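Here's the letter readout for the chains.
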Amino acid sequence: MEIVEYGDVNGIPVLCIPGVFMAAECFRRLSEELPECRMVCVTLDGFHPGCGEFESPEQQTEKLVSLLKERGTTRFELVIGLSMGTIFAVKLAKCPELEIRKLFLDGAVNFYRSKVKPVVHAAIYWIFRYFMKSAKKDGEKAKKTLEKVYEGDWPEIQQVCRTSLTESSLKVMARFLADYQLEPGVKQPMYLVYGGKEDNIKVNSRVVKALYPNAKIMIKEGYQHLAFLNRQPQEYGKLVKTVLKKQARNGEKAEMDEKI
């Protein structure tokens, strides 16, 4: 596990947790739009050369909390989670050792436990395994495929992450993602953003609203998974600033599927 910081060391503390095949550096461009913030960005185990194994979500959560405590950074105005990182954001929000005021969840993975879990598990495993094998077999071709969706340095970063993940970490991750269900007990205000082309918006929205009726769900039309952050960091940064300025209290009136 690695932590990279961007921005003002005395600025507004923001914790950033990326998703599968992503690293801390994926937040670099966003940090340029938030110079007033101290961006503490994480690379989870499994996604950088020479890293440890992704043993379990609990092990990764405990390890991250321990690293944050060692750095003396345990208070965050906002936690930004991307894809699988949204699960860790939810877990950290309930951690008594951290003080977290708000959650910003982008492209949340399936927050519901599927009725056909074995099928979902197998699909995740084989899709991720294909990404890993193709990245190692022909890196340039794999990178060009990524460039069809993502801009800037993301394809290169993702290429490194895909070649670094081990088979054992993959198995744990696939099982974890297929079996996860949104946890109750989060007290902080919750903001969720999706690209309009993501296919799990409606189901996830129902699950989120059932547990957290005051959560605010925002839709960016025309974008695929996480592409809003990647392709429009200036606009994305403005959205994050808006969330940072909001009062950190629950009970806010939520607007379902707001277009942004």
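Owing to the predicted nature of the structure, the values given are computational and were not obtained by experimental measurement.

Caption draft 1: How the structure looks around the overall build of the protein chain. Each helix and strand in the protein chain was counted, giving ten helices and ten strands. Computed over its C-alpha atoms, the radius of gyration of the protein chain comes to 17 Å, within 12% of the 18 Å expected for a compact globule of 260 residues. Considered along the principal axes of its C-alpha atoms, the protein chain spans approximately 50 × 40 × 35 Å. For the protein chain, buried positions account for 54% of its 260 residues. In the protein chain, of all internal contacts separated by at least 6 residues, the share reaching a separation of at least 24 is 80%.

Caption draft 2: Broad picture of unusual backbone geometry. With phi around 60 degrees, Phe 21 is a residue other than glycine that occupies positive phi space. Its place among the elements puts Phe 21 in the loop between β2 (12-17) and α1 (28-33). Exposure remark for Phe 21: the relative accessible area of 4% places this residue in the buried category. The backbone phi angle of Leu 226 is positive, close to 65 degrees, even though this residue is not glycine. Tracing the chain through its elements places Leu 226 in the loop between β9 (216-220) and α9 (227-231). Using a relative accessible area of 4% as the deciding quantity, one classes Leu 226 as buried.

Caption draft 3: Structural view of the packing of aromatic side chains. By the definition in use, this model includes 14 aromatic pairs. Taken together, a centroid distance of 6.2 Å and an interplanar angle of 80 degrees make the contact between Phe 54 and Phe 88 edge-to-face. Placement of Phe 54 in the loop between β3 (37-43) and α2 (57-71) and of Phe 88 in helix α3 (residues 85-93) is noted, with a sequence separation of 34 residues between them. We classify Phe 54 as buried; its relative accessible area is 1%. Between Phe 104 and Tyr 236, the aromatic rings sit 5.7 Å apart at their centres with planes inclined by 75 degrees, giving edge-to-face as the arrangement. With Phe 104 in strand β7 (residues 103-106) and Tyr 236 in helix α10 (residues 233-245), this pair connects stretches of sequence that are 132 residues apart. By the burial criterion, Phe 104 is buried, and Tyr 236 matches it. These aromatic residues form a ring-pair network of at least three members: Phe 21, Phe 47, Phe 128, Tyr 130 and Phe 131.

Caption draft 4: Structural view of the nonpolar core. Ranked by size, the top nonpolar core spans 90 residues in total, and within it Ile 80, Met 84, Phe 104, Leu 177 and Leu 192 carry the most contacts. No other element matches the seven residues that helix α7 (residues 167-179) contributes to this core. For Ile 80, the contacting residues outside a window of four places in its chain are Val 14, Leu 15, Cys 16, Ile 17, Phe 27, Leu 30, Phe 104 and Val 240.

Caption draft 5: Broad picture of α7. For α7, which comprises 13 residues, the first-to-last C-alpha distance of 19 Å matches the rise-based estimate of 18 Å (1.5 Å per residue) to within 8%. By the burial criterion, the buried members of α7 are Ser 169, Leu 170, Val 172, Met 173, Ala 174, Phe 176, Leu 177 and Ala 178.

Caption draft 6: Local environment of the pattern of salt bridges. Taken as a whole and judged by the stated rule, the model has 17 salt bridges. Among the salt bridges present, the one from Arg 28 reaches Asp 153, with a minimum N-O distance of 3.4 Å. Here Arg 28, found in helix α1, pairs with Asp 153, found in the loop between α5 (139-147) and α6 (154-164); they are 125 residues apart in sequence, far enough to count as distant. Residue Glu 183 pairs with Lys 94 through a salt bridge whose shortest N-O separation is 3.0 Å. Of the two residues, Glu 183 sits in the loop between α7 and β8 (190-195) while Lys 94 sits in the loop between α3 and β6 (99-100), which places them 89 residues apart along the sequence. Members of the salt-bridge network, linked through shared partners, are Arg 28, Arg 29, Glu 32, Glu 33 and Asp 153.

Caption draft 7: Up close: the packing of α2 against α3. At a minimum axis distance of 11 Å, the contact between α2 and α3 shows a crossing angle of 60 degrees. Considering the relative orientation of α2 and α3, their crossing is right-handed. Residue-level contacts link Pro 57, Glu 58, Gln 60, Thr 61, Leu 64 and Val 65 of α2 to Phe 88, Lys 91 and Leu 92 of α3.

Caption draft 8: How the structure looks around helix α8 (residues 201-211). Among the residues of α8, those classed as buried are Ile 201, Asn 204, Ser 205, Val 208 and Lys 209. Summarising the axial view, the buried residues of α8 lie within an arc of 130 degrees, below the 170-degree limit, and thus occupy one face. α8 presents Lys 202, Arg 206 and Ala 210 as exposed residues on the side facing more than 90 degrees away from its buried surface. On its buried face, α8 is in contact with β8 and β9.

Caption draft 9: Representation of the pairing of β2 within the structure. Most of β2 sits out of view: five of its six residues are buried. For β2 and β3, the ladder comprises five bridges, and the chain directions are parallel. Considered in β3, the bridge of Pro 13 is made with Arg 38. Considered for its hand, the β-α-β crossover made up of β2, α1 and β3 is right-handed.

Cut-offs used in this document
- Residues numbered from 1 in each chain as written.
- Predicted model: local features only at pLDDT ≥ 70, side-chain atom pairs only at ≥ 80, totals over all residues.
- Heavy atoms only, no water.
- Helix = DSSP H or I, 4+ residues; strand = E, 2+ residues; numbered from the N terminus.
- Rg over C-alpha atoms; globule rule 2.2 N^0.38 Å.
- Buried < 20%, exposed > 50% of the residue type's maximum accessible area, 1.4 Å probe, protein only.
- Contact = heavy atoms within 4.5 Å.
- Phe/Tyr/Trp six-rings, centres within 6.5 Å; stacked < 30°, edge-to-face > 60°.
- Core = buried A, V, L, I, M, F, W, Y, C linked by side-chain atoms within 4.5 Å.
- Expected span 1.5 Å × (residues − 1).
- Salt bridge = Lys/Arg side-chain N within 4 Å of Asp/Glu carboxyl O.
- Axes fitted to C-alpha atoms, helices over the stretch in contact; angles between N-to-C directions.
- Left-handed = near helix turned anticlockwise from the far one by under 90°.
- Arc of directions from axis to C-beta.
- Pairing = 2+ DSSP bridges.
- Right-handed = clockwise from strand over helix to strand, strands pointing away.

It is worth stressing that arrangement in space is one thing and function is another; only the former is reported here.
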